[in-house]
Amino acid sequence: MNDNWIILTNAVPEPPDWEINWGNIMRTPLSSYFVKMSETLQNPYWHGEGDVLTHTKMVCGQLALDAEYRRLDEEKREILFVAALMHDIGKIPCTRLEDGEWKSPNHTIVGSKMAREILWRKFALAGTKEEQEIRECVCNLIRYHSVPLHITEQDNPVLRLYQIAAQGELIRNFSLHLLSILVRADVKGRICDTMAESLETMDLCFSLAEDEGIIYSPGHFQSEAAKQAFLSGRNIWKEQDIFDDTWGEVILMSGLPGTGKDTWIKANYGDLPVISLDDIRGEMRISPTDNQGAVIQEARERAKGFLRRRQPFVWNATNLSPMVRRKQLSLFEDYHARTKVVFLETDWGTNLSRNESRNDAVPAHKIENMMKNLEPPERVEARTVEWHCT
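What comes next concerns the included structure. (Residues numbered from 1 in each chain as written. Predicted model: local features only at pLDDT ≥ 70, side-chain atom pairs only at ≥ 80, totals over all residues. Heavy atoms only, no water.)

Focus on the pattern of salt bridges
Phase 1: Enumeration over the complete set of coordinates arrives at 30 salt bridges.
Phase 2: With a closest N to O distance of 2.8 Å, Arg184 and Glu68 form a salt bridge. Within this pair, whereas Arg184 is found in helix 11 (residues 176-188), its partner Glu68 is found in helix 5 (residues 67-71), the two being separated by 116 residues in sequence.
Phase 3: Residues Lys340 and Glu386 are paired through a salt bridge, measuring 3.3 Å at the closest nitrogen-oxygen approach. Remark: Glu386 occurs in strand 7 (residues 384-389) and Lys340 occurs in strand 6 (residues 338-345); sequence separation between them is 46 residues.
Phase 4: According to the relative accessible area criterion, Glu386 is partly exposed, its value standing at 24%.
Phase 5: One network of salt bridges, with partners in common, ties together Arg116, Arg135, Glu136 and Glu345. (Salt bridge = Lys/Arg side-chain N within 4 Å of Asp/Glu carboxyl O. Helix = DSSP H or I, 4+ residues; strand = E, 2+ residues; numbered from the N terminus. Buried < 20%, exposed > 50% of the residue type's maximum accessible area, 1.4 Å probe, protein only.)

Below is the structure:
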């Protein structure tokens, strides 16, 4: 853990006094974001306290008072507190005045990506399993902290809760229970007339999760095929098993340039054919900065050839967003392949160093832009999802 992280975690409220060391927090890279939070206004109907920073400090104060928070172990308290500090960081770029009201659409998604970049690069939470799990637990708490307050607006609330709970398979410490503590502090850490109503909605959400047996852990299914079918939204019962009609595994790689995808493939799937977008670009003499439509089309045609022959293979590209991954995974599933997504990461310095040593090095500023939009694959995206540190 680097110095910034040590300073930050030393600010976390702990027994016996449960005080927050705001001075320590302002000695970390978060200080510049706090200044911007203080300048970001909120809708007074929901946030009579005013700006985002004032709300954030109130949320952290409520968290320190929460009995369930105080019963957690030290690591979970650190994770929750950092998530509270950053839970509305996405409001900085997302807030706008619309029809006379302050609104912050998509701030949880944007905020989770901002938190990931900050924790990865400035707090060095990357490159080891422990650091990865701490970072992603924080980011997932940020990503999903608004869902419980809008659970009644979901088309299928039970399915949505199962999908979120499934992240616990990838992230040690993540659970709907941990999320519930953050949400409660978020509701109490504000001034509004609808607090009682919001707390009632939150209680409804997590009572539903308790009834389903997923408040502390992901759900149980009869088979991996049944799990994928249910989590992907197919119309089956949770208790139902289904016939597995897949014939073999197709692996989709995911990760920034320089994370060692080629090396990992050789070590783990050296006997399988590989569709590499880098190789196709070389064959077609297309620069990574040019339009990639022809490259993707050629890769998909090669994939269809393997899929028709029921030949397992590896699709090797960065695949950093759910939308990009879904396009390829849908193709594989249309041919009844069993899908696996493998996400690789390393620490930031190693990442840049490895990339620079490549013949086709990606410019550093492009990798920085990729990092800003990186979303590791979620558990629901494929039959199997793995995260590895290289």
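Here the narrative resumes, following the displayed structure.
Things to note about the packing of helix 18 (residues 348-356) against helix 19 (residues 364-373)
Phase 1: At a minimum axis distance of 11 Å, the contact between helix 18 and helix 19 shows a crossing angle of 135°. When the axes of helix 18 and helix 19 are compared, the pair comes out oblique. The way helix 18 lies across helix 19 gives a crossing that is right-handed. Counting all contacts with helix 18, which are made through Trp348, Leu352 and Asn355, the residues of helix 19 involved are Ile367, Glu368 and Met371.
Phase 2: Its residues placed into classes, the contact of helix 18 with helix 19 shows four nonpolar, one polar and one charged. (Axes fitted to C-alpha atoms, helices over the stretch in contact; angles between N-to-C directions. Parallel < 35°, antiparallel > 145°, perpendicular 65-115°, else oblique. Left-handed = near helix turned anticlockwise from the far one by under 90°. Contact = heavy atoms within 4.5 Å. Nonpolar A, V, L, I, M, F, W, Y, C, P; charged D, E, K, R; others polar.)

Details of the packing of aromatic side chains
Phase 1: Within this structure, the stated rule accounts for 12 aromatic pairs.
Phase 2: Summarising the aromatic geometry, the rings of Tyr162 and Phe230 are spaced 5.3 Å apart at their centres and angled 80° between planes, so their arrangement reads as edge-to-face. With Tyr162 in helix 10 (residues 157-165) and Phe230 in helix 13 (residues 224-231), this pair connects stretches of sequence that are 68 residues apart.
Phase 3: Overall, the relative accessible area of 8% leaves Phe230 in the buried class.
Phase 4: Ring centres 5.9 Å apart and planes at 45° place the aromatic pair Trp264 and Tyr269 in the tilted group. Comparing Trp264 with Tyr269, the two get one shared label, buried.
Phase 5: Ring pairs connect the aromatic residues Phe306, Phe313, Trp315 and Phe332, which therefore count as one cluster.
Phase 6: Lying across the ring of Trp22, Lys57 places its NZ or CZ 5.3 Å from the centre. (Phe/Tyr/Trp six-rings, centres within 6.5 Å; stacked < 30°, edge-to-face > 60°. Lys NZ or Arg CZ within 6 Å of the ring centre and 35° of its normal.)

Description of the nonpolar core
Phase 1: Ranked by internal contacts, the top residues of the largest apolar core, which has 105 residues, are Met86, Leu141, Leu176, Trp315 and Phe332.
Phase 2: Apart from the residues lying within four places of it in its own chain, the contact partners of Leu176 are Leu161, Ile164, Ala165, Phe206, Ala209, Ile214 and Ile215.
Phase 3: Core analysis: the next-biggest nonpolar cluster, separate from the first, contains nine residues, Met253, Trp264, Ile265 and Leu344 among them. (Core = buried A, V, L, I, M, F, W, Y, C linked by side-chain atoms within 4.5 Å.)

Looking at the packing of helix 16 (residues 293-308) against helix 17 (residues 322-334)
Phase 1: At their nearest, the axes of helix 16 and helix 17 sit 10 Å apart, and the two run at 25° to each other. Taken together, helix 16 and helix 17 sit at an angle that is classed as roughly parallel. The two elements helix 16 and helix 17 cross, and the hand of that crossing is right-handed. In this structure, helix 16 contributes Ile296, Arg300, Ala303, Lys304 and Leu307 to the contact, and helix 17 contributes Lys327, Gln328, Leu331 and Phe332.

As for unusual backbone geometry
Phase 1: With an omega of 5°, the peptide bond between Pro15 and Pro16 qualifies as cis.
Phase 2: Its place among the elements puts Pro16 in the loop between helix 1 (3-9) and helix 2 (22-25).
Phase 3: Phi angles above zero are rare outside glycine, and Trp18 is one such case at about 60°.
Phase 4: When you line up the elements, Trp18 lands in the loop between helix 1 and helix 2.
Phase 5: The residue Arg310 is not glycine, and still its phi comes out positive at about 55°.
Phase 6: You can see Arg310 is positioned in the loop between helix 16 and strand 5 (314-316).

Focus: the sheet that holds strand 4 (residues 274-276)
Think of a sheet as strands paired side by side through backbone hydrogen bonds, with each pair either parallel or antiparallel.
Phase 1: Reading across the sheet, the five strands line up as 4-5-3-6-7 and stay open at both edges, with parallel pairing between neighbours. Both outer strands of the open sheet, strand 4 and strand 7, are each paired with one neighbouring strand and no more. Across this sheet, the average inter-strand angle for adjacent strands is 20°, counted without regard to direction.
Phase 2: Both strand 3 (residues 249-254) and strand 6 contribute to a ladder of six bridges, which runs parallel. Its bridge partner being in strand 6, Val250 is matched across the sheet by Thr339. (Pairing = 2+ DSSP bridges.)

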